[in-house]
Amino acid sequence: MENEVLKAIKERRSIRRFKKEQVSDAELNTVLEAGTWAPTGMGTQDPFIVAVQDERQKAILSGINAEIMGAKSDPFYGAPTQVYVFAPAGNPNNVKDGSLVLGSMMLAAHSIGLGSCWINRVDKMVDYDEVKELMKSWHLPEGLMGVGSLALGYPDGEPHAAKPRKDDYARVIK
């Protein structure tokens, strides 16, 4: 059975080459809105989404992420927008809820012609004083953990082909 959602799921790929052109406000808002409609445990809507397009802040965040990774390259692949998802550290569903937010945004981005790539290490980034200060300036509450982030922008080139799905991926028990 084919449908538009399944088509988007099958076609979406992680993008690691971006054009320098910034995404439009309408496109960004579409992606962010998709994140707000992701399911959350008991409907808490506890995650916070922050899209960063400010060059200075992106440079700080990329530098810290690269330091944690032990690399000198930009972990966000030069994407014009970085999107961060945080959730209350005390919420037992924090990682699950935040992951659904990120996944929903990735699918929405693909569906409107944007590229995205999940970027790790936000869980460690929140321990840095510079990130704590940025989070304060973003008017986020204290006590949040980092779930993940996205590199977001217009793809520069074609993505790699999908790997075939393994034969025994899913099982049906009747």
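See the structure above.
Residues numbered from 1 in each chain as written. Predicted model: local features only at pLDDT ≥ 70, side-chain atom pairs only at ≥ 80, totals over all residues. Heavy atoms only, no water.

J.: I keep staring at the sheet that holds strand β2 (residues 81-88) and nothing clicks. Help me out?
T.: What links the strands of a sheet is backbone hydrogen bonding, and the strands pair in either a parallel or an antiparallel sense. Reading across from one edge, β1-β2-β4-β3 is the order of the 4 strands in this open sheet, with antiparallel pairing throughout. The open sheet has two edge strands, β1 (48-52) and β3 (115-119), and neither has a second partner. When the angles between neighbouring strand axes are averaged without regard to direction, this sheet yields 25°. Relative to strand β4 (residues 144-153), β3 is paired through 5 bridges, and the arrangement is antiparallel. Pairing of tryptophan 118 across the sheet is with leucine 150, part of β4. The sheet strands contacting helix α3 (residues 55-69) are β1, β2 and β3, and the helix crosses β2 at an angle near 65°. (Pairing = 2+ DSSP bridges. Helix = DSSP H or I, 4+ residues; strand = E, 2+ residues; numbered from the N terminus. Axes fitted to C-alpha atoms, helices over the stretch in contact; angles between N-to-C directions. Contact = heavy atoms within 4.5 Å.)

J.: Any chance you could explain the nonpolar core here in plain terms?
T.: In globular proteins that are soluble, nonpolar side chains generally tend to be buried together. By size, the foremost hydrophobic cluster in this structure holds 22 residues, and its most contacted members are Leu61, Tyr84, Phe86, Met135 and Trp138. For this core, the elements supplying multiple residues, two or more each, are β1, α3, β2, β3, α5 (122-125), α6 (129-137) and β4. In terms of residue count, α6 provides more of this core than any other element does, 3 residues in total. Every residue in contact with methionine 135, bar those within four places of it in the chain, is listed here: Phe86, Val126, Leu140 and Leu144. Counting residues in each nonpolar core, the second largest holds 18 residues, with Ala38, Val85, Val101 and Val147 among its members. (Core = buried A, V, L, I, M, F, W, Y, C linked by side-chain atoms within 4.5 Å. Buried < 20%, exposed > 50% of the residue type's maximum accessible area, 1.4 Å probe, protein only.)

From the geometry alone we can't say anything about function, so treat these as descriptive.
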